[in-house]
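These are the residues of each chain, in order.
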Amino acid sequence: MSTLLRTSIRLFRRTLPLLFIAQITILTGCDNTTIFNDDFSADAVGSAPSESPAGAPAGDQVYMSDVDQLSWQVVNNNFFDAAGSNSLQYSNIAVALWQRYLGMISENTNIPSNGRLLAIASGRPSLSASGSGLDIWFGDGHFGTMCGLRFKNGVLYKKTGNTSHQTIGSYTNNVNHVLIFNVDKATDICTISVIAQGVTTDSGPINMWAPAVSDTTRPSLYYNYYQDVSSTSKYFVDSVSISYGVPE
């Protein structure tokens with residue numbers, strides 16, 4: 001079992017039943033190298049997270065398009081652990097659209113053309129119907145998209161093009177979930193799984209409309225409130241891991 005999977009199982013045990021942890025193991029298909037990892041446990045509560053996550057790997061980064069405003073701050077609650085734990089609260093406050101980008105940027109790594117990219121993130125939506133929808137996508141180090149999700153008014157969409165989306169299911173506010181993005185560079189196909197309350201919603205194969213994005217040396221996971229409105233909406237990020245592997 002790879003270092004990523006050991007870390008993911010430790011982080012997500014409080015979110016997932018064991019059956020679905022086994023699903024994560026099966027999804028990888030190869031031994032993975034971790035290139036981003038953060039659970040915000042080393043960050044000060046009430047402040048923005050450190051731009052340089054604690055521990056290995058070196059060189060990964062939390063990107064905030066405007067670090068001086070309060071869209072994001074570390075909080076401690078019992079959403080993900082009954083004993084209490086840190087998570088990153090991302091809020092839909094009244095700021096310009098350009099100030100809303102949150103990114104988990106991996107260290108700079110040369111990834112083989114037959115490599116597989118994996119992002120695993122646990123979170124919790126609390127999104128107001130009057131607020132902006134939330135986009136979460138797996139991409140390169142410059143906001144490009146390999147594949148992505150949209151959360152809006154209880155409906156879960158997959159991104160099928162620059163401006164097109166397709167319904168794949170629903171989500172429930174104030175319920176923890178785990179997002180799994182799996183990219184096969186050799187075929188330019190991405191799959192996404194959303195696991196919540198013991199139920200898995202799968203995207204099915206997504207053909208990347210911009211395959212060059214997967215050639216990135218910095219695979220990244222992004223969060224963005226994309227509509228120019230503000231609200232009481234919040235999304236809590238518990239932990240994020242990004243890795244790559246090469247099939248044996």
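Residues numbered from 1 in each chain as written. Predicted model: local features only at pLDDT ≥ 70, side-chain atom pairs only at ≥ 80, totals over all residues. Heavy atoms only, no water.

(A) Up close: the sheet that holds strand β10 (residues 165-170). Reading across the sheet, the 7 strands line up as β2-β5-β15-β7-β8-β9-β10 and stay open at both edges, with antiparallel pairing between neighbours. Every other strand in the sheet has two partners, leaving β2 (61-64) and β10 as the edge strands with one partner each. Strand-to-strand twist in this sheet, taken as the mean axis angle between neighbours without regard to direction, amounts to 20°. Direction of pairing for strand β7 (residues 134-139) relative to strand β8 (residues 145-152): antiparallel, over a ladder of 6 bridges. Residue Leu134 lies in a different strand from β8, and its bridge partner there is Phe151. (Pairing = 2+ DSSP bridges. Helix = DSSP H or I, 4+ residues; strand = E, 2+ residues; numbered from the N terminus. Axes fitted to C-alpha atoms, helices over the stretch in contact; angles between N-to-C directions.)

(B) The arrangement of the packing of aromatic side chains in detail. This model, assessed by the stated rule, comprises 11 aromatic pairs. Here the aromatic rings of Tyr63 and Phe143 are separated by 5.7 Å at their centres, their planes lie at 70°, and the arrangement is edge-to-face. Taken together, the residues span a long stretch of sequence, with Tyr63 in strand β2 and Phe143 in the loop between β7 and β8 at a distance of 80 residues. Residue Tyr63 is classed as partly exposed on the basis of its relative accessible area, which comes to 27%. Consider the rings of Trp72 and Tyr90, whose centres lie 5.6 Å apart with planes at 25°: the pair is stacked. Here Trp72, found in strand β3 (residues 72-77), pairs with Tyr90, found in strand β4 (residues 85-91); they are 18 residues apart in sequence, far enough to count as distant. Over the face of the ring belonging to Phe79 we find Arg124, whose NZ or CZ atom lies 4.1 Å from the ring centre. One residue, Arg150, lies across the ring of Tyr226, its end atom 3.6 Å from the ring centre. (Phe/Tyr/Trp six-rings, centres within 6.5 Å; stacked < 30°, edge-to-face > 60°. Buried < 20%, exposed > 50% of the residue type's maximum accessible area, 1.4 Å probe, protein only. Lys NZ or Arg CZ within 6 Å of the ring centre and 35° of its normal.)

(C) The state of the cysteines, seen in detail. Taken as a whole and judged by the stated rule, the model has 1 disulfide. The partner cysteine of Cys147 in its disulfide is Cys190, sulfur to sulfur 1.9 Å. Here the S-S torsion is close to 45°, and the disulfide linking Cys147 with Cys190 is therefore right-handed. Of this pair, Cys147 sits in strand β8 while Cys190 sits in strand β12 (residues 189-196), and the two are 43 residues apart along the sequence. Looking at Cys147, the relative accessible area reads 0%, which means it is buried. Residue Cys190 is classed as buried on the basis of its relative accessible area of 0%. (Disulfide = S-S within 2.5 Å.)

(D) Fine view of the pattern of salt bridges. Scanning the model with the defined rule gives 2 salt bridges in all. Between Asp184 and Arg116 there is a salt bridge, and its shortest N-O distance comes to 3.9 Å. Highlighted residues: Asp184 in strand β11 (residues 177-184) and Arg116 in strand β6 (residues 116-126), separated in sequence by 68 residues. In this structure, Arg150 engages Asp135 in a salt bridge whose closest nitrogen and oxygen atoms are separated by 2.7 Å. Of this pair, Arg150 sits in strand β8 while Asp135 is found in strand β7, placing the two residues 15 residues apart along the sequence. Judged by its relative accessible area of 17%, Arg150 is buried. Judged by its relative accessible area of 11%, Asp135 is buried. (Salt bridge = Lys/Arg side-chain N within 4 Å of Asp/Glu carboxyl O.)

(E) Layout of the side chain of Lys159. Mapping Lys159 onto the fold places it in strand β9 (residues 155-159). Despite its burial, Lys159 pairs with no opposite charge; the closest candidate is Asp135, at 5.8 Å N-O. Within the structure, the side chain of Lys159 is placed 3.2 Å from the backbone oxygen of Gly161, a separation counted as a polar contact. Within the local environment of Lys159, its side chain forms a polar contact with the backbone oxygen of Asn162, the two atoms lying 2.8 Å apart. Residues within four places of Lys159 in sequence aside, it is in contact with Thr145, Gly148, Ser164, His165, Ile206 and Trp209. (Lys, Arg positive; Asp, Glu negative; His and termini not counted. Polar contact = N/O pair within 3.5 Å; in protein donor to acceptor, adjacent residues only side chain to side chain. Contact = heavy atoms within 4.5 Å.)

Everything listed is a geometric property; what it means functionally is a separate question.
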